Amino acid sequence: MATHAAAEPKQLWLGGAEPMKASYGKLMMWLFLLSDAFSFSGLLIAYGLVRYAHPAYDGDVENFVFSNQYWPIPERVFEAVPFFHGYQLPLVFVGLMTFILIFSSVTMVLAVEAGHRKDKADVEKWMLWTILGGITFLGSQAWEWGHFITGTDKPTILTDVINGVQVTKEVFGANLHVNQYGPQPFADFFFFITGFHGTHVTSGVILNIIVFFNVCMGLYERRGHYEMVEKVGLYWHFVDLVWVFVFTFFYLV
Amino acid sequence: MASEYTEYVEKNGKMVAKPQTKKIWRTFWILLIITVLEFVVAFSLPHHMHLLKVSIFVGMTIVKAAYIMGEFMHLSGETKSLFWTIIVPLVFIAWLVLALLMEGGFISSY
């Protein structure tokens, strides 16, 4: 066990010092995540601004109907679950997605822990679970987008003024031009915020696959440490962290 | 960090340290329980207590964020300077949230 007990050589930056006792890669990842946190905050705060600029629905939840006159109650918009067509299951599917993402964060941190022990087989196992969780989440989101775009069984009758003429039309689903669930910005923000987050998940899965491949090829074993697993781990946890906020501010509030 | 490990087990003919995952799973259960509580609050409090609901959700979200950043991202184990380098800029977001939500309210009332 002498090889394991031997202290790792201290990693110094090229200037000969190690700022904040963090390696270059880890510190830069943290600073990148900080800037990325600002991007997401910008989107979520813009959502809050536009939402408060629209009237809120102030009737009972039971009598709620879709209209572009007030902001919708999210729990009445997101109540569909795959294979349970026609049932009202508010927030169940998005709750499941939240659980999947939190769990994949746990498997990621288990991979990091295994990396500290230089246990290659364990790192492989947990990285694979993390990738699987990420792909499952993306699949769920694809389904949710599909359902959101296609719409409910019954259309919403929306009245709009186009070129000074009042037009009444039946609307199914939502896109960037029409929205059956409420005011147009509601759909726009849905696509933009969950889309931006989904893009992050996608790149996270790709990074995880690359690192998983490197682990399998023994690259980090030869290098003597699994810090790369830690760095993509930071990114992956950040994606989970953002979802915690998206879940609260887009789906719950 | 090899010195942290005292127990070793044999695996595929090699000696590897025993996993220390107690804290990770504890954090997982805390996150799960808070998420479940969020659902309970979402469906048990009546619609007109909107402000109370929002406050509870925001509080729970911040607790969850603290656990993810502190334990999973290991920020609480980093040096004080790194910790505050990350936390202090994030605190200013709270101000922007308040300012723009109020601003949004004014847009609808003019």
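Looking at an unreviewed UniProt entry, one finds chain B named Cytochrome C oxidase subunit IV and attributed to Siphonobacter curvatus. Checking UniProt for chain B, the heading Subcellular location (unreviewed entry) contains the comment "Cell membrane".

Draft legend 1. Geometry of the packing of aromatic side chains. All names here are of chain A. For the coordinates displayed, the defined rule picks out 43 aromatic pairs over all chains. With 6.3 Å between their ring centres and 50° between their planes, Phe148 and Phe186 make a pair best called tilted. Placement of Phe148 in helix H5 (residues 120-150) and of Phe186 in helix H6 (residues 184-216) is noted, with a sequence separation of 38 residues between them. Given a relative accessible area of 2%, Phe148 falls into the buried group. What makes Phe186 buried here is its relative accessible area of 0%.

Draft legend 2. Broad picture of the interface of chain B and chain A. If you look at the interface, chain B gives 55 residues, while chain A gives 57 residues. Broken down residue by residue, the surface that chain B buries against chain A is led by His47, Phe72 and Met73 of chain B, which jointly contribute 13%. For the pair chain B and chain A, the interface holds 0 salt bridges. Put simply, chain B and chain A have 6 residue pairs in polar contact (both at pLDDT 80 or more) between them. Among the elements of the structure, strand E1 (8-11), strand E2 (14-17), helix H1 (22-44), helix H2 (50-72) and helix H3 (80-109) of chain B are those that each provide at least two residues to the side of chain B that touches chain A. With 16 residues, the top contributor of residues to the side of chain B that touches chain A is H3 of chain B. For the side of chain B that touches chain A, the class distribution of residues is 35 nonpolar, 13 polar and 7 charged.

Draft legend 3. Here's a closer look at the packing of helix H8 (residues 227-252) of chain A against H2 of chain B. Close contact between H8 of chain A and H2 of chain B brings their axes to 10 Å; oriented N to C, the two are set at 175°. Compared by their axis directions, H8 of chain A and H2 of chain B come out roughly antiparallel. Residues His237, Asp240, Leu241, Val244, Phe245, Phe247, Thr248, Phe249 and Leu252 of chain A of H8 of chain A lie in contact with H2 of chain B, whose contacting residues are Phe57, Val58, Thr61, Lys64, Ala65, Ile68, Met69 and Phe72 of chain B. Broken down by class, the residue content of the contact of H8 of chain A with H2 of chain B amounts to 12 nonpolar, 3 polar and 2 charged.

Draft legend 4. Broad picture of the environment of Phe247 of chain A. By the secondary structure assignment, Phe247 of chain A is in helix H8. Between the C-alpha atoms of Phe247 of chain A and Pro185 of chain A, which are 62 residues apart in sequence, the distance is 18 Å. Excluding anything up to four places from it in sequence, Phe247 of chain A contacts Val94, Gly95, Thr98 and Leu252 of chain A together with Thr35, Glu38, Phe39 and Lys64 of chain B.

Draft legend 5. Highlighting empty space enclosed by the protein. All names here are of chain A. The final tally for this structure, using the stated rule, is 1 cavity of 30 Å³ or more. In this structure, the largest cavity occupies an estimated 90 Å³ of space. Around the largest cavity, the lining residues are Val77, Phe78, Glu79, Ala80, Phe93, Val94, Trp143, Glu144, His147, Phe148 and Tyr181. Contributions of two or more residues to the lining of the largest cavity are made by helix H4 (92-116) and H5. Looking at the lining of the largest cavity, its residues break down into 8 nonpolar, 1 polar and 2 charged.

Draft legend 6. Quick peek at the domain arrangement of chain B. All names here are of chain B. Taken as a whole, chain B is organised into domain 1 (1-76) and domain 2 (77-109). The interface of domain 1 with domain 2 comprises 4 residues on the first partner and 6 residues on the second. Contact between domain 1 and domain 2 buries roughly 490 Å² in total, counting both sides, with carbon and sulfur atoms accounting for 67%. Applying the counting rule to domain 1 against domain 2 returns 0 salt bridges. Remark: the boundary between domain 1 and domain 2 carries 3 residue pairs in polar contact (both at pLDDT 80 or more). Class assignment for the residues of the side of domain 1 that touches domain 2 results in 2 nonpolar, 2 polar and no charged.

Draft legend 7. Quick look at the side chain of Ser23 of chain A. Residues and elements named next belong to chain A. Checked against the element boundaries, Ser23 lands in the loop between helix H1 (2-5) and helix H2 (24-52). Residue classification places Ser23 among the buried residues on the basis of a relative accessible area of 14%. With near-sequence residues (within four places) excluded, Ser23 lies in contact with Trp13, Glu18 and Glu227.

Reading the values: the criteria
Residues numbered from 1 in each chain as written. Chains lettered and ligands numbered in written order. Predicted model: local features only at pLDDT ≥ 70, side-chain atom pairs only at ≥ 80, totals over all residues. Heavy atoms only, no water. UniProt positions renumbered as here; feature names shortened; annotations may be inferred. Phe/Tyr/Trp six-rings, centres within 6.5 Å; stacked < 30°, edge-to-face > 60°. Helix = DSSP H or I, 4+ residues; strand = E, 2+ residues; numbered from the N terminus. Buried < 20%, exposed > 50% of the residue type's maximum accessible area, 1.4 Å probe, protein only. Contact = heavy atoms within 4.5 Å. Buried area = accessible area lost by both parts, 1.4 Å probe. Salt bridge = Lys/Arg side-chain N within 4 Å of Asp/Glu carboxyl O. Polar contact = N/O pair within 3.5 Å; in protein donor to acceptor, adjacent residues only side chain to side chain. Nonpolar A, V, L, I, M, F, W, Y, C, P; charged D, E, K, R; others polar. Axes fitted to C-alpha atoms, helices over the stretch in contact; angles between N-to-C directions. Parallel < 35°, antiparallel > 145°, perpendicular 65-115°, else oblique. 1 Å grid on protein atoms, 1.4 Å probe; cavity = no way out; pocket = protein on both sides within 12 Å on 5 of 7 lines; lining within 4 Å. Points joined across faces, edges and corners; volume = space filled by probe spheres on them. Domains from an automatic or database assignment.

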